[in-house]
Amino acid sequence: MRILFAGGGTGGHLYPGIAIARAVQRLRPDIKPFFIGARRGIEPDVLPGTGYPHLLLDLHPLYRRDVWNNWRTAVGMITAWGAIGRLMKEERPALVVGTGGYAAVATLAYAVAHAIPMVEQTGDALPSLTARLFSRWAREVYLSFPESALHLRARSPDALVDTGAPIEPPPHSRPERAAALQAWRLPPDAQVVLVYGGSQGSAAINNAVRAWVQGGLPNRVHLIWGTGRKTFDQYSSIESDRVCVRAYLSPIADAYAASDLAVTRAGTSTVAELMAWNIPSVLVPLPTAAADHQTLNAVALEQAGAAIHLPQAKLSATTLSATVNATLSDAARMDGLKRAAARRARPNAAAEIARRIVALL
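Residues numbered from 1 in each chain as written. Predicted model: local features only at pLDDT ≥ 70, side-chain atom pairs only at ≥ 80, totals over all residues. Heavy atoms only, no water.

## Quick notes on the packing of helix α7 (residues 203-215) against helix α12 (residues 317-328)
For the pair α7 and α12, the least separation of the axes is 8 Å and the interaxial angle reads 75°. Our classification of the angle between α7 and α12 gives roughly perpendicular. Contact with α7, carried on its side by A208, V209, A211 and W212, involves A317, L320, S321, V324 and N325 of α12 and no other residues of that element. In terms of residue class, the contact of α7 with α12 is built from seven nonpolar, two polar and no charged. (Axes fitted to C-alpha atoms, helices over the stretch in contact; angles between N-to-C directions. Helix = DSSP H or I, 4+ residues; strand = E, 2+ residues; numbered from the N terminus. Parallel < 35°, antiparallel > 145°, perpendicular 65-115°, else oblique. Contact = heavy atoms within 4.5 Å. Nonpolar A, V, L, I, M, F, W, Y, C, P; charged D, E, K, R; others polar.)

In structure tokens:
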């Protein structure tokens, strides 16, 4: 039995599908996941390593400035339609799972036109245009943020399911904090701030952190800092006994286990992991994200009491230092942030989505 997973372009669209596919196969080894993605996304780098068969389509984005290039978008969709049709004729799938991106648009449109059952997984507090467009046809829509239900038209209220974002959950036996601190060569009484802006890093966050460090960290405050691979050389010299600088934090479990507070972007997978580990966070949304969805994620979590929203326009060494210091020094606030993060946590989202998919089949 084949299930098609359609989506990609970014990790936020691809990795949830991979997590769900693995969870489905744990329940039903006879199910064969097949991925449909785009050649211009991260799929060519990621999917071969998963072992899943896949089809990569020659898709183009909508060109909002260079509108004359939208002929490429139209041609890409037409050729994608034909390629998807040939794949469907080889073996009609039992279900299509859409996770967002241009590959999901083409595949979900084909599924609707040919009455193939479909479900969606949405990633942000403001669902993507793809999610909003196809939600009315989906058997179920799995929400990373319950707030996103306000923006979706579903076949019934029961079709909108608050599962949380599918992520790699914390291990059943979480690393002990003392052992994690020792692994990072940090003292037992350290107040640890985890900083990262994703695999590519964030220049705005990195520059603010560098200026903060150069101005002097408060007593007991130590940093675990993931700069991003491309910019690591710019910041590696700041490494010290109080600042651990890494290009990329993988595996990240020991960093999470050692951390008291995190300073990160507000992408869905990032905040889902922070909630699952019950880590208080200062969220600096990427202002250029599509439809400013990271800001809506940060606002939703701040309103839930699970995070602090610090807009990039207000980010500096001074504001970062003041925010971190005020939070770490307020035990009641730290406890409130942890408890609210725990309430928002959905560490077993992938398994829950997999159970529901198997039930639909």
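## Some details on the pairing of strand β4 (residues 95-100)
For β4, the buried fraction is high: six of the six residues fall into the buried class. Sheet analysis places strand β1 (residues 2-7) next to β4, joined by five bridges and oriented parallel. Looking at β4, one finds that I3 is bridged to L95. Note: β4 against strand β5 (residues 118-122), three bridges, orientation parallel. (Buried < 20%, exposed > 50% of the residue type's maximum accessible area, 1.4 Å probe, protein only. Pairing = 2+ DSSP bridges.)

## Remarks on the pattern of salt bridges
Across all of its chains, the model carries twelve salt bridges by this definition. We note a salt bridge from R40 to D58, for which the minimum N-O separation is 2.5 Å. Within this pair, whereas R40 is found in the loop between β2 (32-38) and α2 (43-50), its partner D58 is found in the loop between β3 (54-57) and α3 (70-90), the two being separated by 18 residues in sequence. Salt bridges sharing partners connect three or more residues here, namely E140, E352, R355 and R356. (Salt bridge = Lys/Arg side-chain N within 4 Å of Asp/Glu carboxyl O.)

## Focus: the environment of Y196
Tracing the backbone shows Y196 in strand β8 (residues 191-196). Between the C-alpha atoms of Y196 and W225, which are 29 residues apart in sequence, the distance is 5.9 Å. For Y196, the side chain forms a polar contact with the side chain of Y256, separated by 2.8 Å. (Polar contact = N/O pair within 3.5 Å; in protein donor to acceptor, adjacent residues only side chain to side chain.)

## Here we look at the packing of helix α1 (residues 11-27) against helix α14 (residues 349-360)
Packed helix pairs are characterised by how far apart their axes lie and by the angle those axes make with each other. Running from N to C, α1 and α14 point in directions that differ by 60°, and their axes come no closer than 8 Å. With respect to each other, α1 and α14 are oriented oblique. Where α1 crosses over α14, the two elements pack in a sense that is right-handed. Contact residues: A19, I20, A23, V24 and L27 in α1; A350, A351, I353, A354, R355, I357 and V358 in α14. Considered class by class, the residues forming the contact of α1 with α14 number eleven nonpolar, no polar and one charged. (Left-handed = near helix turned anticlockwise from the far one by under 90°.)

## Let's talk about the side chain of T323
Tracing the backbone through its elements, the reader meets T323 in helix α12. Residue classification places T323 among the buried positions, given a relative accessible area of 19%. Apart from residues no more than four positions distant in its own chain, T323 is found in contact with V282, I308 and L310.

## Some points on the packing of aromatic side chains
Using the criterion set out here, one finds six aromatic pairs in the structure. For the ring pair W225 and Y235, a centre distance of 5.4 Å and an interplane angle of 50° mean the geometry is tilted. Note that W225 is positioned in strand β9 (residues 221-226) and Y235 in helix α8 (residues 232-235), a separation of ten residues in sequence. Here W225 matches Y235 in class, with each residue buried. Taken together through their ring pairs, the aromatic side chains of F5, F35 and Y52 make up a single cluster. Positioned above the aromatic ring of W137, the side-chain terminus of R136 is 5.5 Å from the ring centre. (Phe/Tyr/Trp six-rings, centres within 6.5 Å; stacked < 30°, edge-to-face > 60°. Lys NZ or Arg CZ within 6 Å of the ring centre and 35° of its normal.)

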